[in-house]
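The chain contents come next:
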Amino acid sequence: QAQAKRFYCLKGGPGVGKSTFLKQIGKRMALEGFDLEYLHCASDPDSLDGLAIPALGVALVDGTAPHMTDPM
């Protein structure tokens, strides 16, 4: 978070598509040739909790409970 120029915190109820949204952004950025860092949920490895694109200085994370990542 401290290294990101842009930090996006996604909020929404269960099942609204936060993880799917992150996966789709990751697929597109990989096609564009960017290196990615994926942050997976410890209790559910199929759930994507965050995505970082270091070359762009961008991080996107799931900010809903229990993750508790709130905007500053």
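In the block above lies the structure referred to throughout.
Residues numbered from 1 in each chain as written. Predicted model: local features only at pLDDT ≥ 70, side-chain atom pairs only at ≥ 80, totals over all residues. Heavy atoms only, no water.

> What's the story with the environment of glycine 12 in this structure? I'm lost.
Considering the arrangement of structural elements, one finds glycine 12 in the loop between β1 (6-10) and α1 (18-31). We classify glycine 12 as partly exposed; its relative accessible area is 28%. Each C-alpha atom of the pair glycine 12 and glycine 63 lies 8.2 Å from the other, and the pair is 51 residues apart in sequence. The residues contacting glycine 12, other than those within four sequence positions of it, are Lys18 and Thr64. (Helix = DSSP H or I, 4+ residues; strand = E, 2+ residues; numbered from the N terminus. Buried < 20%, exposed > 50% of the residue type's maximum accessible area, 1.4 Å probe, protein only. Contact = heavy atoms within 4.5 Å.)

> What exactly am I supposed to notice about the pattern of salt bridges here?
It is possible for side chains of opposite charge to pair when their charged atoms get near one another. Taken as a whole, this structure holds one salt bridge when the rule is applied. Salt-bridge contacts for glutamate 32 lead to arginine 28; the nearest nitrogen and oxygen are separated by 2.9 Å. (Salt bridge = Lys/Arg side-chain N within 4 Å of Asp/Glu carboxyl O.)

> Help me understand α1 in this model?
Helical periodicity: at 3.6 residues per turn, an α-helix aligns residues three or four positions apart in one direction. When the terminal C-alpha atoms of α1 are compared, their 20 Å separation across 14 residues agrees well with the 20 Å that a helix rising 1.5 Å per residue should span. What α1 keeps buried is the set Lys18, Ser19, Leu22, Gly26 and Met29. For α1, the buried positions fall inside an angular range of 95° around the axis, keeping them on one side. In α1, the exposed residues that point more than 90 degrees away from the buried face are Lys27, Arg28 and Leu31. Each element contacted by the buried residues of α1 is listed here: β1, β2 (37-40), β3 (48-53) and β4 (58-62). (Expected span 1.5 Å × (residues − 1). Arc of directions from axis to C-beta.)

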